[in-house]
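# Per-entry structural report
Here is what each chain is made of, one letter per residue.
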Amino acid sequence: MTGTTIAAQGPTVGPGEALQPGAGTILGEHYLPSRTEEVRWGWLPNRTAEPVLEVADGATVTIDTLSHEGFLADQGRDPLRYLAQFGAAQVLEDAVAVAASPLQNGPLDGPHVVTGPIRVAGARAGDVLRVDVVDLSRRVPYGFISNRHGFGALAGEFPEDPDSSATRHVDAMVSDGTVCHFAWVEQRGGHDVGVMDAGGGRTVQFGLAPFLGLMGVAADTDAPMPSVPPGPHGGNIDVKHTGVGSTLYLPVGVDGALFFAGDPHFAQGNGEVALTALEASLRATVRLSVLRTADRRSVLGAAGGPVVETATHWIPTGLDQDLDEAMRAAVRNAVAFLEGRFGVPRSVALAYLSAAGDFEVSQVVDAVKGVHCMIAKADWTAWT
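Not measured: the values here are computed from a predicted model.

## Things to note about the side chain of Thr242
The topology assignment puts Thr242 in the loop between β15 (234–235) and β16 (247–251). Separated by 2.8 Å, the side chain of Thr242 and the backbone oxygen of Val239 make a polar contact. In contact with Thr242, not counting residues within four places along its chain, are Val133, Phe211, Leu212, Met215 and Val308.

Listed below in structure tokens is the structure:
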């Protein structure tokens with residue numbers, strides 16, 4: 001089946017806007033590009049992985065992450081040709097290099113380009129890696145939102161046959177029933193927004209809130225680790241609250257932690273129901289710090305798995321193939337967080353969560369589904 005790409009009716013993306021590898025401002029003490037010989041395409045590092053960079057505890061690293069959208073096999077694996085149809089004069093050099101490389105990426109592989117791993121000196125199994133998101137800069141002013149057959153919240157119902165009244169361009173390069181919506185960045189009303197073709201000469205806009213969908217540490221296993229399902233190690237958790245100013249806590253499984261990143265987004269709604277959100281490359285600067293086992297309880301209570309912290313909320317997570325079980329896991333982790341950090345009885349923690357905790361569906365498209373709990377810090381000011 002020939003797929004459909006819905007092309008933009010917006011302005012041609014101007015020259016000189018791409019943040020190429022090594023160009024522009026590097027905020028971190030260290031810099032890690034997405035080099036073809038170092039990245040993993042569709043797979044995560046495990047305990048056997050060799051680090052591509054080693055940093056001190058507390059160091060900052062700037063990572064040029066790379067979105068996979070625009071050069072996957074069903075898009076022709078040729079980003080120069082693929083993006084030309086949208087007027088995107090600038091294409092990232094590392095995207096071109098990965099697409100042209102001998103790296104394999106077939107139907108059984110995940111789509112993500114995974115950059116890393118980074119060894120953090122002094123990190124030991126049982127510790128927690130604290131990842132502070134310092135900065136997220138757009139590398140290009142465009143991205144894609146994709147829906148593929150067999151995936152998404154409505155697999156089997158979408159993609160539908162294209163509606164000619166809403167489709168400006170049917171692209172023979174796109175295959176397997178894939179539908180890709182091109183979106184671009186504009187400034188409207190003094191704010192940068194995402195814009196996409198809505199058919200009939202109209203456009204629709206939405207807010208931008210960049211984050212990395214994939215951040216994690218190596219799992220303590222020799223088994224291959226696909227990039228799609230998240231787990232206790234983090235990975236493809238797709239929690240949209242991990243933007244600039246947030247902190248992600250990851251339980252360290254192996255010495256050195258072996259941190260990795262990828263799957264950059266410009267925006268995502270909770271659920272990520274089509275399959276992808278607005279996928280687009282970001283230059284991310286993070287601070288990597290080690291939280292010792294002895295100090296873990298005072299920060300995270302007894303919560304397991306990834307925990308996110310923002311200026312206003314603590315955000316425990318729950319992960320499972322079954323969405324109901326993911327919800328239960330998120331409730332258990334939220335109770336364990338409150339009981340362990342503040343010493344409140346478990347029944348009080350559960351009652352508080354029922355009255356004031358907001359449980360959101362992170363995503364339902366990554367095989368392992370995610371739910372996260374929003375615990376307002378303002379409710380606990382007397383305890384901190």
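Next comes the rest of the write-up.
## Here's the deal with the packing of aromatic side chains
One pass over the structure, following the stated rule, counts 15 aromatic pairs. A connected cluster of aromatic rings, assembled from ring pairs, spans Tyr82, Phe86, Tyr142, Phe144, Phe182 and Trp184.

## A word on helix α5 (residues 346–356)
Helical geometry note: an α-helix holds 3.6 residues per turn, so side chains three or four residues apart project in the same direction. Within α5, burial applies to Ala349, Tyr352 and Leu353. Taken down its axis, α5 places every buried residue within 100° of arc, on the same side. In α5, those exposed residues whose orientation departs by more than 90 degrees from the buried face are Ser347, Ser354 and Ala355. Along its buried surface, α5 packs onto α4 (323–342), β22 (358–363) and β23 (369–376).

## Examining the sheet that holds strand β19 (residues 282–291)
Taken in spatial order, the nine strands make up an open sheet running β2-β6-β19-β8-β16-β20-β21-β23-β22, and their pairing is mixed. In this open sheet, the two edge strands, each paired with only one partner strand, are β2 (30–32) and β22. Averaged over all pairs of adjacent strands, the angle between strand axes in this sheet comes to 25°, irrespective of strand direction. In this sheet, β19 lies alongside strand β6 (residues 59–64) in antiparallel orientation, the contact comprising six bridges. Of the residues in β19, the one forming a bridge with Val61 is Val286. The strands that α4 touches are β21 (313–320), β22 and β23; relative to β21, the one it contacts most, it runs at about 140°.

## Observations regarding the pairing of strand β17 (residues 259–267)
When you tally the buried positions in β17, you get nine out of nine residues, the bulk of the element. Relative to β17, strand β7 (residues 113–120) is paired through two bridges, and the arrangement is antiparallel. Each bridged residue has a counterpart across the sheet, and for Thr115 the counterpart in β17 is Ala261. Taken together, the six bridges between strand β13 (residues 211–217) and β17 define a ladder with antiparallel strand orientation. From the neighbouring strand, Phe211 faces β17, where its bridge partner is His265. Where β17 lies against strand β18 (residues 278–279), two bridges are found, and the strand directions are antiparallel. Bridging across to β18, His265 finds its partner in Glu279.

## A closer look at the packing of α4 against α5
The description of two helices packed together rests on the angle between their axes and the distance between the axes. Between α4 and α5, the least distance of the axes is 9 Å, while the angle of their chain directions is 120°. Compared by their axis directions, α4 and α5 come out oblique. Crossing angle aside, the handedness with which α4 passes α5 is right-handed. Together, Val331, Ala334, Val335, Leu338 and Glu339 of α4 and Arg346, Ala349, Leu350, Tyr352 and Leu353 of α5 make up the contact between the two elements. Broken down by class, the residue content of the contact of α4 with α5 amounts to eight nonpolar, no polar and two charged.

## A look at the nonpolar core
As a rule of thumb, soluble globular proteins bury nonpolar side chains together. Residues Ile118, Leu129, Val131, Phe259 and Leu288 are the most contacted members of the largest nonpolar core, which totals 40 residues. Top contributing element to this core by residue count: β19, with five residues. When near neighbours in sequence (up to four residues on either side) are disregarded, Val131 contacts Met215, Ser246, Thr247, Leu248, Leu250, Phe259, Val286, Arg287 and Leu288.

## Examining the environment of Arg283
Position of Arg283 relative to the elements: it lies in strand β19. Exposure remark for Arg283: the relative accessible area of 2% places this residue in the buried category. Along the backbone, Arg283 and Leu32 are 251 residues apart, and their C-alpha atoms lie at a distance of 9.8 Å. Only 3.1 Å separates the side chain of Arg283 from the backbone oxygen of Thr25, close enough to count as a polar contact.

## So, the pattern of salt bridges
Taken as a whole, this structure holds 16 salt bridges when the rule is applied. A salt bridge links Asp94 to Arg139; its shortest N-O distance comes to 2.8 Å. In this pair, Asp94 is assigned in helix α2 (residues 93–100) and Arg139 in the loop between β8 (128–138) and β9 (142–147), connecting sequence segments 45 residues apart. Looking at Asp94, the relative accessible area reads 4%, which means it is buried. According to the relative accessible area criterion, Arg139 is buried, its value standing at 0%.

## A few points about the side chain of Asp74
Mapped onto the elements, Asp74 comes out in the loop between β6 and α1 (79–84). Of the polar contacts made by the side chain of Asp74, one reaches the side chain of Thr178; its length is 2.6 Å.

## Overview of unusual backbone geometry
Of note, the bond from Gly116 into Pro117 is cis; its omega dihedral lies within 30 degrees of zero at 10°. Inspection of the secondary structure assignment puts Pro117 in strand β7. Cis geometry marks the peptide bond from Phe158 to Pro159, where omega comes out at 0°. With respect to the secondary-structure elements, Pro159 resides in the loop between β9 and β10 (179–188). Even without being a glycine, Arg77 presents a positive backbone phi close to 50°. Tracing the backbone shows Arg77 in the loop between β6 and α1.

Rules and cut-offs
- Residues numbered from 1 in each chain as written.
- Predicted model: local features only at pLDDT ≥ 70, side-chain atom pairs only at ≥ 80, totals over all residues.
- Heavy atoms only, no water.
- Helix = DSSP H or I, 4+ residues; strand = E, 2+ residues; numbered from the N terminus.
- Polar contact = N/O pair within 3.5 Å; in protein donor to acceptor, adjacent residues only side chain to side chain.
- Contact = heavy atoms within 4.5 Å.
- Phe/Tyr/Trp six-rings, centres within 6.5 Å; stacked < 30°, edge-to-face > 60°.
- Buried < 20%, exposed > 50% of the residue type's maximum accessible area, 1.4 Å probe, protein only.
- Arc of directions from axis to C-beta.
- Pairing = 2+ DSSP bridges.
- Axes fitted to C-alpha atoms, helices over the stretch in contact; angles between N-to-C directions.
- Parallel < 35°, antiparallel > 145°, perpendicular 65-115°, else oblique.
- Left-handed = near helix turned anticlockwise from the far one by under 90°.
- Nonpolar A, V, L, I, M, F, W, Y, C, P; charged D, E, K, R; others polar.
- Core = buried A, V, L, I, M, F, W, Y, C linked by side-chain atoms within 4.5 Å.
- Salt bridge = Lys/Arg side-chain N within 4 Å of Asp/Glu carboxyl O.

On their own, these measurements won't tell you what the molecule is for.
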